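Residue-level structure breakdown
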Amino acid sequence: MAGNGNSLTMSEKICNTNSSAESVAPATPETELVNRVFSVESDEELKPIDPVENAKIWISDGHGAKELDGMDDDLENVNILQFFHRVDSDQIIYQTKKKRLKLIGKYVMGDLLGEGSYGKVKEMLDSESLCRRAVKIFKEKKLRRIPNGEQNVEKEISLLRKLRHQNVIRLIDELRVPEKKKLYLILEFCVGSLQVMLESAPGKKLPAKQAHCYFTQLLDGLEYLHGARVVHKDIKPGNLLLTLEEVLKISDFGVAERFNMFAKDDTCFIGQGSPAFQPPEIANGAESFPGFKFDIWSSGVTLYNVMTGQYPFEGDNIFRLFENIGKGDFTIPSEIEDPLRDLLLGMLRKNPVERFNLQQIRQHSWVNMKPPPSDYKVPIPPLKNDQWHNMTVFPYLIDYYYEDYGNGVTYDEDGNVANSEKPQYFTERELNATDQDKQLVAEQVNGNKQANQSTSSSSIRRSGRKKRPITCMTVRNFSMCKQS
Ligand SMILES: Nc1ncnc2c1ncn2[C@@H]1O[C@H](COP(=O)(O)OP(=O)(O)OP(=O)(O)O)[C@@H](O)[C@H]1O
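Residues numbered from 1 in each chain as written. Predicted model: local features only at pLDDT ≥ 70, side-chain atom pairs only at ≥ 80, totals over all residues. Heavy atoms only, no water.

1. Some thoughts on the site of the ligand
Near the ligand there are 16 residues, and of these Ser117, Lys136, Glu188, Cys190 and Asp252 occur at the shortest range. In the model, an oxygen atom of the ligand is placed 3.3 Å from a nitrogen or oxygen of the Asn239 side chain. The protein chains hide 79% of the 610 Å² of surface that the ligand would expose on its own. If you list the elements that add at least two residues to the shell around the ligand, you get β4 (107-115), β6 (132-139) and β8 (182-188). Residue contributions to the shell around the ligand peak at 3 residues, all from β4. Considered class by class, the residues forming the shell around the ligand number 8 nonpolar, 4 polar and 4 charged. (Near = heavy atom within 4 Å. Polar contact = N/O pair within 3.5 Å; in protein donor to acceptor, adjacent residues only side chain to side chain. Areas by Shrake-Rupley, 256 points an atom, 1.4 Å probe, with all protein chains shown as cover. Helix = DSSP H or I, 4+ residues; strand = E, 2+ residues; numbered from the N terminus. Nonpolar A, V, L, I, M, F, W, Y, C, P; charged D, E, K, R; others polar.)

If you want it as C-alpha coordinates, here you go:
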(Lines give C-alpha, C1' and ligand atoms only; values in the text may rest on other atoms or scores of the structure.)
Protein backbone atom coordinates (compact mmCIF):
# COMPACT_ATOMS: atom_id res chain seq x y z
CA MET A 1 0.00 0.00 0.00
CA ALA A 2 1.55 3.16 -1.10
CA GLY A 3 0.91 6.51 0.30
CA ASN A 4 1.91 9.86 -0.95
CA GLY A 5 5.63 9.82 -0.39
CA ASN A 6 6.09 9.84 3.31
CA SER A 7 2.49 10.34 4.25
CA LEU A 8 -0.68 8.30 4.36
CA THR A 9 -4.22 9.29 4.98
CA MET A 10 -6.06 7.84 7.92
CA SER A 11 -8.20 5.56 5.68
CA GLU A 12 -5.14 4.19 3.85
CA LYS A 13 -3.58 3.57 7.22
CA ILE A 14 -6.58 1.60 8.48
CA CYS A 15 -6.68 -0.67 5.41
CA ASN A 16 -3.05 -1.40 5.75
CA THR A 17 -3.05 -4.18 8.33
CA ASN A 18 -0.56 -6.99 8.29
CA SER A 19 -0.46 -7.78 11.96
CA SER A 20 -2.17 -10.59 13.78
CA ALA A 21 -4.86 -8.22 14.91
CA GLU A 22 -7.19 -8.06 11.94
CA SER A 23 -10.12 -6.27 13.39
CA VAL A 24 -10.15 -2.56 13.92
CA ALA A 25 -10.20 -1.93 17.57
CA PRO A 26 -12.39 0.80 18.94
CA ALA A 27 -10.61 3.97 19.94
CA THR A 28 -9.22 3.65 23.41
CA PRO A 29 -7.13 6.06 25.47
CA GLU A 30 -4.10 4.05 24.35
CA THR A 31 -4.85 4.36 20.65
CA GLU A 32 -5.57 8.01 21.19
CA LEU A 33 -2.13 8.36 22.62
CA VAL A 34 -0.55 6.48 19.73
CA ASN A 35 -2.36 8.80 17.37
CA ARG A 36 -0.96 11.74 19.19
CA VAL A 37 2.53 10.27 19.10
CA PHE A 38 2.28 9.98 15.35
CA SER A 39 0.42 13.24 14.95
CA VAL A 40 -2.70 11.55 13.51
CA GLU A 41 -5.87 13.51 12.99
CA SER A 42 -8.81 11.74 11.33
CA ASP A 43 -8.41 11.76 7.58
CA GLU A 44 -5.43 14.00 7.84
CA GLU A 45 -1.97 13.16 6.79
CA LEU A 46 -0.06 10.80 9.02
CA LYS A 47 3.25 12.39 9.90
CA PRO A 48 5.84 10.67 11.99
CA ILE A 49 7.13 13.14 14.54
CA ASP A 50 10.40 14.85 14.03
CA PRO A 51 13.30 14.50 14.60
CA VAL A 52 13.02 10.70 14.31
CA GLU A 53 11.32 10.97 10.98
CA ASN A 54 11.84 7.39 9.89
CA ALA A 55 12.31 5.91 13.30
CA LYS A 56 11.51 2.23 13.46
CA ILE A 57 9.69 0.86 16.45
CA TRP A 58 9.55 -2.85 17.20
CA ILE A 59 6.66 -4.35 19.04
CA SER A 60 6.03 -7.87 20.17
CA ASP A 61 2.61 -9.34 19.29
CA GLY A 62 3.33 -12.65 20.97
CA HIS A 63 4.39 -14.29 17.67
CA GLY A 64 7.65 -12.52 17.18
CA ALA A 65 8.67 -8.97 16.72
CA LYS A 66 6.95 -6.68 14.26
CA GLU A 67 8.29 -3.45 12.95
CA LEU A 68 6.28 -0.26 13.03
CA ASP A 69 7.43 2.77 11.20
CA GLY A 70 4.36 4.86 11.68
CA MET A 71 3.50 4.57 7.98
CA ASP A 72 2.29 1.15 7.07
CA ASP A 73 0.62 -0.25 10.11
CA ASP A 74 -2.80 0.03 11.53
CA LEU A 75 -1.93 2.00 14.56
CA GLU A 76 -5.47 1.65 15.88
CA ASN A 77 -4.66 -1.99 16.68
CA VAL A 78 -1.56 -1.32 18.67
CA ASN A 79 -1.81 -1.80 22.39
CA ILE A 80 0.12 0.94 24.07
CA LEU A 81 1.28 -1.50 26.73
CA GLN A 82 3.02 -3.48 23.99
CA PHE A 83 4.32 -0.31 22.58
CA PHE A 84 6.02 1.06 25.66
CA HIS A 85 7.52 -1.44 28.04
CA ARG A 86 6.45 -0.49 31.51
CA VAL A 87 9.09 -0.54 34.23
CA ASP A 88 8.33 0.40 37.81
CA SER A 89 10.56 3.13 39.12
CA ASP A 90 11.74 0.92 41.98
CA GLN A 91 13.06 -1.54 39.42
CA ILE A 92 15.31 0.97 37.76
CA ILE A 93 18.93 0.49 38.69
CA TYR A 94 20.96 3.63 38.42
CA GLN A 95 24.52 2.95 37.51
CA THR A 96 26.71 5.45 39.26
CA LYS A 97 29.83 6.55 37.49
CA LYS A 98 32.87 4.76 38.84
CA LYS A 99 35.14 7.00 40.81
CA ARG A 100 38.58 6.66 39.32
CA LEU A 101 41.55 8.01 41.16
CA LYS A 102 43.43 10.90 39.69
CA LEU A 103 46.58 12.35 41.12
CA ILE A 104 47.95 15.75 40.26
CA GLY A 105 51.38 15.72 41.78
CA LYS A 106 50.81 14.77 45.38
CA TYR A 107 47.15 15.78 45.32
CA VAL A 108 44.29 13.32 45.05
CA MET A 109 41.38 14.73 43.07
CA GLY A 110 37.88 14.75 44.59
CA ASP A 111 34.46 15.96 43.46
CA LEU A 112 33.34 19.23 41.92
CA LEU A 113 32.72 22.02 44.42
CA GLY A 114 31.58 24.69 42.02
CA GLU A 115 32.17 26.37 38.73
CA GLY A 116 33.03 29.97 37.94
CA SER A 117 33.37 31.76 34.64
CA TYR A 118 37.07 30.86 34.52
CA GLY A 119 36.90 27.20 35.39
CA LYS A 120 35.93 24.42 37.74
CA VAL A 121 36.74 24.16 41.43
CA LYS A 122 37.20 20.67 42.87
CA GLU A 123 38.09 19.18 46.19
CA MET A 124 41.55 17.69 46.68
CA LEU A 125 43.51 15.87 49.32
CA ASP A 126 47.17 16.57 49.90
CA SER A 127 48.52 13.02 50.20
CA GLU A 128 51.55 14.19 52.19
CA SER A 129 50.02 16.49 54.77
CA LEU A 130 46.51 14.93 54.55
CA CYS A 131 45.12 18.46 54.39
CA ARG A 132 41.86 19.00 52.58
CA ARG A 133 42.26 21.42 49.66
CA ALA A 134 40.32 22.99 46.83
CA VAL A 135 41.73 23.27 43.33
CA LYS A 136 40.79 25.83 40.74
CA ILE A 137 41.34 24.32 37.30
CA PHE A 138 42.07 26.65 34.41
CA LYS A 139 42.17 25.43 30.82
CA GLU A 140 44.30 27.41 28.42
CA LYS A 141 41.70 27.01 25.67
CA LYS A 142 38.94 28.48 27.84
CA LEU A 143 41.10 31.35 29.11
CA ARG A 144 41.90 32.36 25.54
CA ARG A 145 38.21 32.80 24.85
CA ILE A 146 37.77 35.23 27.77
CA PRO A 147 38.92 38.80 27.08
CA ASN A 148 42.15 39.31 29.08
CA GLY A 149 41.53 35.84 30.59
CA GLU A 150 45.15 34.74 30.79
CA GLN A 151 46.40 38.10 32.08
CA ASN A 152 43.66 38.25 34.73
CA VAL A 153 44.51 34.79 36.01
CA GLU A 154 48.25 35.56 36.12
CA LYS A 155 47.44 38.79 37.97
CA GLU A 156 45.28 36.91 40.45
CA ILE A 157 48.00 34.33 41.05
CA SER A 158 50.73 36.88 41.62
CA LEU A 159 48.45 38.68 44.06
CA LEU A 160 47.42 35.55 45.93
CA ARG A 161 51.07 34.48 46.29
CA LYS A 162 51.72 37.60 48.36
CA LEU A 163 48.71 37.42 50.64
CA ARG A 164 48.68 35.60 53.93
CA HIS A 165 45.88 36.27 56.39
CA GLN A 166 43.43 34.12 58.25
CA ASN A 167 40.46 35.81 56.53
CA VAL A 168 41.88 35.80 53.02
CA ILE A 169 41.87 32.62 50.94
CA ARG A 170 45.38 31.24 50.77
CA LEU A 171 47.07 29.95 47.66
CA ILE A 172 48.84 26.78 48.77
CA ASP A 173 50.41 25.59 45.56
CA GLU A 174 50.23 25.96 41.82
CA LEU A 175 50.84 23.28 39.23
CA ARG A 176 51.22 23.95 35.54
CA VAL A 177 50.81 21.01 33.20
CA PRO A 178 51.81 22.16 29.72
CA GLU A 179 50.97 18.80 28.12
CA LYS A 180 47.41 19.16 29.33
CA LYS A 181 47.38 22.91 28.82
CA LYS A 182 46.01 23.22 32.32
CA LEU A 183 46.82 25.23 35.39
CA TYR A 184 45.88 24.04 38.86
CA LEU A 185 45.66 26.49 41.74
CA ILE A 186 45.59 24.66 45.06
CA LEU A 187 43.70 26.71 47.63
CA GLU A 188 42.54 26.39 51.21
CA PHE A 189 39.41 24.28 51.36
CA CYS A 190 36.08 25.89 52.21
CA VAL A 191 32.69 24.24 52.62
CA GLY A 192 30.59 26.90 51.02
CA SER A 193 29.99 30.58 50.53
CA LEU A 194 27.93 33.06 52.50
CA GLN A 195 25.72 33.28 49.43
CA VAL A 196 24.88 29.57 49.53
CA MET A 197 24.16 29.90 53.24
CA LEU A 198 21.85 32.88 52.67
CA GLU A 199 19.98 31.02 49.95
CA SER A 200 19.19 28.24 52.40
CA ALA A 201 18.27 30.56 55.28
CA PRO A 202 14.68 31.49 56.20
CA GLY A 203 14.01 34.93 54.75
CA LYS A 204 17.42 34.68 53.06
CA LYS A 205 18.99 36.47 56.03
CA LEU A 206 21.09 35.57 59.04
CA PRO A 207 20.47 36.15 62.75
CA ALA A 208 22.31 39.25 64.01
CA LYS A 209 24.79 37.23 66.04
CA GLN A 210 25.87 35.16 63.06
CA ALA A 211 25.98 38.18 60.73
CA HIS A 212 28.05 40.08 63.30
CA CYS A 213 30.53 37.21 63.54
CA TYR A 214 31.05 37.09 59.76
CA PHE A 215 31.07 40.87 59.32
CA THR A 216 33.84 41.38 61.87
CA GLN A 217 35.90 38.71 60.08
CA LEU A 218 35.27 40.51 56.81
CA LEU A 219 36.59 43.70 58.42
CA ASP A 220 39.72 41.87 59.58
CA GLY A 221 40.36 40.56 56.09
CA LEU A 222 39.67 43.94 54.47
CA GLU A 223 41.92 45.74 56.91
CA TYR A 224 44.73 43.37 55.99
CA LEU A 225 44.11 43.76 52.24
CA HIS A 226 43.94 47.55 52.33
CA GLY A 227 47.05 47.59 54.48
CA ALA A 228 48.74 45.55 51.74
CA ARG A 229 47.55 48.15 49.17
CA VAL A 230 45.06 45.71 47.65
CA VAL A 231 41.55 46.69 46.59
CA HIS A 232 39.32 43.65 46.09
CA LYS A 233 36.54 45.33 44.07
CA ASP A 234 34.21 42.32 44.20
CA ILE A 235 33.16 41.91 47.82
CA LYS A 236 29.82 40.09 47.93
CA PRO A 237 28.37 37.08 49.78
CA GLY A 238 29.33 34.77 46.88
CA ASN A 239 33.00 35.65 47.32
CA LEU A 240 33.04 35.19 51.08
CA LEU A 241 33.77 31.54 51.72
CA LEU A 242 33.48 29.67 55.00
CA THR A 243 35.54 26.85 56.40
CA LEU A 244 34.01 24.07 58.49
CA GLU A 245 35.16 26.02 61.55
CA GLU A 246 33.23 29.04 60.22
CA VAL A 247 36.30 31.08 59.45
CA LEU A 248 35.42 33.56 56.73
CA LYS A 249 37.77 33.77 53.76
CA ILE A 250 37.70 36.58 51.22
CA SER A 251 38.16 34.89 47.85
CA ASP A 252 38.13 35.51 44.10
CA PHE A 253 40.76 38.15 43.38
CA GLY A 254 39.97 38.09 39.66
CA VAL A 255 39.33 41.85 39.46
CA ALA A 256 41.42 42.94 42.45
CA GLU A 257 44.11 45.57 42.09
CA ARG A 258 47.33 46.17 43.98
CA PHE A 259 48.85 49.62 44.05
CA ASN A 260 52.59 49.85 43.73
CA MET A 261 54.47 51.21 46.69
CA PHE A 262 54.95 54.59 45.02
CA ALA A 263 51.26 55.16 44.37
CA LYS A 264 50.27 58.39 46.11
CA ASP A 265 46.76 57.23 46.96
CA ASP A 266 44.22 54.51 46.25
CA THR A 267 42.84 55.96 43.02
CA CYS A 268 41.53 53.29 40.64
CA PHE A 269 40.53 53.64 37.03
CA ILE A 270 38.84 50.34 36.29
CA GLY A 271 35.74 49.26 38.14
CA GLN A 272 34.60 45.70 37.56
CA GLY A 273 32.72 43.31 39.79
CA SER A 274 29.07 42.54 40.34
CA PRO A 275 26.65 45.40 39.46
CA ALA A 276 24.44 45.17 42.58
CA PHE A 277 27.49 45.73 44.80
CA GLN A 278 29.06 48.60 42.87
CA PRO A 279 29.10 52.11 44.33
CA PRO A 280 27.39 55.23 42.91
CA GLU A 281 30.67 56.62 41.54
CA ILE A 282 30.92 53.59 39.20
CA ALA A 283 27.20 53.66 38.36
CA ASN A 284 27.59 57.34 37.43
CA GLY A 285 30.53 56.58 35.17
CA ALA A 286 33.35 58.25 37.11
CA GLU A 287 36.70 57.93 35.31
CA SER A 288 38.56 57.46 38.55
CA PHE A 289 37.46 56.62 42.07
CA PRO A 290 38.94 55.84 45.50
CA GLY A 291 39.53 52.08 45.65
CA PHE A 292 39.22 51.45 49.39
CA LYS A 293 35.85 53.21 49.57
CA PHE A 294 34.70 50.93 46.75
CA ASP A 295 35.25 47.93 49.05
CA ILE A 296 33.52 49.75 51.95
CA TRP A 297 30.43 50.29 49.82
CA SER A 298 30.34 46.64 48.66
CA SER A 299 30.77 45.49 52.27
CA GLY A 300 27.87 47.78 53.26
CA VAL A 301 25.64 46.22 50.58
CA THR A 302 26.75 42.79 51.81
CA LEU A 303 25.87 43.64 55.43
CA TYR A 304 22.51 45.06 54.33
CA ASN A 305 21.82 41.88 52.35
CA VAL A 306 22.87 39.52 55.14
CA MET A 307 20.75 41.35 57.74
CA THR A 308 17.60 41.97 55.68
CA GLY A 309 17.59 39.36 52.91
CA GLN A 310 17.15 42.25 50.48
CA TYR A 311 19.30 44.62 48.44
CA PRO A 312 19.42 48.37 49.01
CA PHE A 313 19.27 48.99 45.26
CA GLU A 314 17.43 46.98 42.68
CA GLY A 315 16.40 47.34 39.05
CA ASP A 316 14.71 45.31 36.33
CA ASN A 317 17.86 45.54 34.29
CA ILE A 318 21.40 46.77 34.73
CA PHE A 319 20.53 50.26 33.43
CA ARG A 320 17.73 50.72 35.95
CA LEU A 321 19.92 49.25 38.67
CA PHE A 322 22.75 51.67 37.92
CA GLU A 323 20.27 54.53 37.73
CA ASN A 324 19.06 53.70 41.23
CA ILE A 325 22.55 53.19 42.63
CA GLY A 326 23.67 56.42 40.98
CA LYS A 327 20.96 58.39 42.79
CA GLY A 328 22.05 56.84 46.07
CA ASP A 329 18.55 56.83 47.61
CA PHE A 330 17.60 53.74 49.51
CA THR A 331 15.50 52.71 52.45
CA ILE A 332 16.30 50.46 55.36
CA PRO A 333 13.55 48.12 56.63
CA SER A 334 12.04 49.42 59.88
CA GLU A 335 13.10 46.33 61.84
CA ILE A 336 16.72 47.44 61.46
CA GLU A 337 17.33 49.80 64.34
CA ASP A 338 20.25 51.82 65.58
CA PRO A 339 23.14 51.28 65.88
CA LEU A 340 23.07 48.95 62.83
CA ARG A 341 20.93 51.45 60.91
CA ASP A 342 23.52 54.16 61.52
CA LEU A 343 26.34 51.86 60.41
CA LEU A 344 24.56 50.99 57.15
CA LEU A 345 23.82 54.66 56.44
CA GLY A 346 27.49 55.49 57.03
CA MET A 347 28.80 52.71 54.79
CA LEU A 348 26.34 53.49 52.00
CA ARG A 349 26.88 57.24 51.74
CA LYS A 350 26.73 58.32 48.13
CA ASN A 351 29.76 60.57 48.35
CA PRO A 352 32.86 58.38 48.84
CA VAL A 353 34.56 61.17 50.77
CA GLU A 354 31.77 61.16 53.37
CA ARG A 355 31.47 57.38 53.41
CA PHE A 356 32.79 55.67 56.54
CA ASN A 357 36.35 54.47 56.36
CA LEU A 358 37.57 51.24 57.95
CA GLN A 359 38.64 52.98 61.17
CA GLN A 360 35.21 54.53 61.64
CA ILE A 361 33.58 51.17 61.05
CA ARG A 362 35.95 49.47 63.48
CA GLN A 363 35.03 51.97 66.16
CA HIS A 364 31.32 51.82 65.47
CA SER A 365 29.12 50.74 68.36
CA TRP A 366 27.38 47.94 66.38
CA VAL A 367 30.73 46.40 65.52
CA ASN A 368 31.92 46.64 69.12
CA MET A 369 28.73 45.55 70.80
CA LYS A 370 28.01 42.02 71.94
CA PRO A 371 25.36 40.91 69.48
CA PRO A 372 21.98 39.84 70.86
CA PRO A 373 21.81 36.10 71.52
CA SER A 374 19.87 34.04 69.04
CA ASP A 375 18.34 30.63 69.50
CA TYR A 376 18.69 29.91 65.83
CA LYS A 377 21.77 29.57 63.71
CA VAL A 378 21.79 29.02 59.96
CA PRO A 379 23.91 25.95 59.27
CA ILE A 380 26.35 25.65 56.39
CA PRO A 381 24.21 23.88 53.77
CA PRO A 382 25.05 20.28 52.96
CA LEU A 383 27.38 19.62 50.08
CA LYS A 384 25.58 17.27 47.64
CA ASN A 385 23.16 16.20 50.40
CA ASP A 386 26.01 15.39 52.76
CA GLN A 387 25.38 17.44 55.88
CA TRP A 388 28.70 16.26 57.38
CA HIS A 389 30.70 17.60 54.47
CA ASN A 390 32.75 14.43 54.25
CA MET A 391 35.78 14.35 52.04
CA THR A 392 34.79 13.47 48.51
CA VAL A 393 38.19 11.95 47.67
CA PHE A 394 37.38 9.00 49.89
CA PRO A 395 35.47 6.93 47.25
CA TYR A 396 38.28 7.49 44.72
CA LEU A 397 40.83 6.11 47.16
CA ILE A 398 38.59 3.20 48.02
CA ASP A 399 38.25 2.34 44.36
CA TYR A 400 41.96 2.58 43.76
CA TYR A 401 43.17 0.69 46.77
CA TYR A 402 40.38 -1.72 47.51
CA GLU A 403 38.23 -2.32 44.46
CA ASP A 404 39.30 -4.19 41.37
CA TYR A 405 41.08 -1.64 39.31
CA GLY A 406 40.45 -4.18 36.55
CA ASN A 407 40.71 -2.81 33.07
CA GLY A 408 43.45 -0.39 33.94
CA VAL A 409 41.50 2.56 32.57
CA THR A 410 41.79 5.84 34.39
CA TYR A 411 39.76 8.97 33.91
CA ASP A 412 40.72 12.59 34.02
CA GLU A 413 38.84 15.13 36.11
CA ASP A 414 36.34 15.67 33.31
CA GLY A 415 35.46 11.97 33.28
CA ASN A 416 37.32 11.34 30.01
CA VAL A 417 39.25 8.15 29.62
CA ALA A 418 42.93 8.83 30.10
CA ASN A 419 44.05 5.40 28.97
CA SER A 420 46.73 4.47 31.34
CA GLU A 421 47.32 1.55 33.59
CA LYS A 422 48.56 3.82 36.34
CA PRO A 423 46.84 6.85 37.75
CA GLN A 424 47.88 9.98 35.95
CA TYR A 425 50.94 11.69 37.25
CA PHE A 426 51.84 14.95 35.71
CA THR A 427 54.81 16.44 37.40
CA GLU A 428 58.34 15.36 36.69
CA ARG A 429 58.70 14.31 40.28
CA GLU A 430 55.66 12.11 40.13
CA LEU A 431 56.74 10.46 36.93
CA ASN A 432 60.01 9.51 38.55
CA ALA A 433 58.59 8.44 41.83
CA THR A 434 55.30 6.85 41.00
CA ASP A 435 55.66 3.74 43.11
CA GLN A 436 57.01 5.51 46.16
CA ASP A 437 54.25 8.03 46.07
CA LYS A 438 51.61 5.40 45.63
CA GLN A 439 53.13 3.63 48.57
CA LEU A 440 53.09 6.88 50.52
CA VAL A 441 49.41 7.45 49.84
CA ALA A 442 48.69 3.82 50.67
CA GLU A 443 50.48 4.06 53.98
CA GLN A 444 48.80 7.29 54.91
CA VAL A 445 45.47 5.88 53.95
CA ASN A 446 45.91 2.60 55.69
CA GLY A 447 48.12 3.58 58.56
CA ASN A 448 49.09 -0.06 58.63
CA LYS A 449 52.35 -0.87 56.98
CA GLN A 450 51.90 -4.52 57.77
CA ALA A 451 48.72 -4.80 55.74
CA ASN A 452 50.57 -5.97 52.64
CA GLN A 453 51.95 -9.01 54.41
CA SER A 454 48.61 -10.10 55.72
CA THR A 455 46.69 -9.93 52.44
CA SER A 456 46.24 -13.23 50.70
CA SER A 457 47.67 -13.96 47.30
CA SER A 458 44.16 -14.20 45.87
CA SER A 459 43.82 -10.50 46.37
CA ILE A 460 46.51 -9.72 43.84
CA ARG A 461 44.91 -7.65 41.17
CA ARG A 462 45.40 -7.69 37.46
CA SER A 463 47.35 -4.49 37.74
CA GLY A 464 49.79 -6.28 40.01
CA ARG A 465 48.81 -4.44 43.18
CA LYS A 466 47.45 -6.17 46.22
CA LYS A 467 44.02 -5.51 47.61
CA ARG A 468 44.07 -4.36 51.15
CA PRO A 469 41.24 -4.98 53.51
CA ILE A 470 39.34 -1.93 54.65
CA THR A 471 40.00 -1.72 58.31
CA CYS A 472 38.65 0.46 61.08
CA MET A 473 42.09 1.96 61.11
CA THR A 474 41.59 3.12 57.52
CA VAL A 475 38.42 4.92 58.37
CA ARG A 476 39.93 6.42 61.49
CA ASN A 477 42.89 7.71 59.52
CA PHE A 478 40.59 9.37 57.06
CA SER A 479 38.52 10.98 59.72
CA MET A 480 41.69 12.40 61.19
CA CYS A 481 42.52 14.23 57.97
CA LYS A 482 42.90 17.91 58.62
CA GLN A 483 40.19 20.18 57.38
CA SER A 484 42.39 23.13 56.73
N1 LIG B 1 38.68 27.41 48.15
C2 LIG B 1 37.47 26.97 47.86
N3 LIG B 1 36.88 26.01 48.59
C4 LIG B 1 35.65 25.57 48.29
N5 LIG B 1 34.90 26.04 47.29
C6 LIG B 1 35.42 27.01 46.53
C7 LIG B 1 36.72 27.52 46.76
N8 LIG B 1 36.96 28.48 45.84
C9 LIG B 1 35.86 28.56 45.08
N10 LIG B 1 34.93 27.69 45.48
C11 LIG B 1 33.59 27.50 44.92
O12 LIG B 1 33.72 27.25 43.54
C13 LIG B 1 32.80 28.02 42.79
C14 LIG B 1 33.51 28.77 41.71
O15 LIG B 1 34.38 29.69 42.30
P16 LIG B 1 35.18 30.77 41.46
O17 LIG B 1 35.89 31.64 42.41
O18 LIG B 1 35.96 30.11 40.39
O19 LIG B 1 34.08 31.48 40.67
P20 LIG B 1 32.94 32.49 41.08
O21 LIG B 1 33.45 33.46 42.09
O22 LIG B 1 31.71 31.75 41.44
O23 LIG B 1 32.66 33.15 39.71
P24 LIG B 1 33.58 34.07 38.82
O25 LIG B 1 34.93 33.44 38.70
O26 LIG B 1 32.83 34.00 37.56
O27 LIG B 1 33.58 35.39 39.49
C28 LIG B 1 32.07 28.91 43.77
O29 LIG B 1 30.79 28.38 43.95
C30 LIG B 1 32.82 28.82 45.06
O31 LIG B 1 31.94 28.76 46.15
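Having seen the structure, we can now continue with the description.
2. Description of the pattern of salt bridges
According to the stated counting rule, one finds 18 salt bridges in the structure shown. The salt bridge partner of Glu174 is Arg161, with a shortest N-O separation of 2.8 Å. Of this pair, Glu174 sits in strand β7 (residues 171-177) while Arg161 is found in helix α5 (residues 149-162), placing the two residues 13 residues apart along the sequence. Lys205 is paired through a salt bridge with Glu335; the nearest N and O atoms lie 3.9 Å apart. Of the two residues, Lys205 is situated in the loop between α6 (194-200) and α7 (208-227) and Glu335 in the loop between α10 (318-327) and α11 (340-347); the sequence distance between them amounts to 130 residues. By sharing partners, the salt bridges in this structure join Glu154, Arg161, Glu174 and Arg176 into a single network. (Salt bridge = Lys/Arg side-chain N within 4 Å of Asp/Glu carboxyl O.)

3. Some words on the nonpolar core
Most often, soluble globular proteins have nonpolar side chains that are buried together. Ranked by internal contacts, the top residues of the largest apolar core, which has 67 residues, are Leu206, Phe215, Phe253, Leu303, Leu343 and Ile361. Of all hydrophobic cores here, the second largest spans 13 residues; its members include Leu101, Leu125, Ile398 and Tyr400. (Core = buried A, V, L, I, M, F, W, Y, C linked by side-chain atoms within 4.5 Å. Buried < 20%, exposed > 50% of the residue type's maximum accessible area, 1.4 Å probe, protein only.)

4. Brief notes about the packing of helix α9 (residues 291-308) against α11
Remark: α9 packs on α11, axes separated minimally by 8 Å, with the N-to-C direction vectors making an angle of 145°. For the pair α9 and α11, the sense of crossing is left-handed. Residues Ile296, Trp297, Ser299, Gly300, Leu303, Tyr304 and Met307 of α9 touch α11, and the partners they reach there are Leu340, Leu343, Leu344 and Met347. Class assignment of the residues belonging to the contact of α9 with α11 gives a composition of 9 nonpolar, 2 polar and no charged. (Axes fitted to C-alpha atoms, helices over the stretch in contact; angles between N-to-C directions. Left-handed = near helix turned anticlockwise from the far one by under 90°. Contact = heavy atoms within 4.5 Å.)

5. Overview of the environment of Leu206
Positionally, Leu206 belongs in the loop between α6 and α7. For Leu206, a relative accessible area of 4% puts it in the buried group. Linking Leu206 and Met307, residues 101 residues apart in sequence, is a C-alpha distance of 5.9 Å. Not counting residues within four places of it along the chain, the set of residues in contact with Leu206 comprises Leu194, Met197, Leu198, Ala201, Ala211, Tyr214, Val306, Met307 and Val378.

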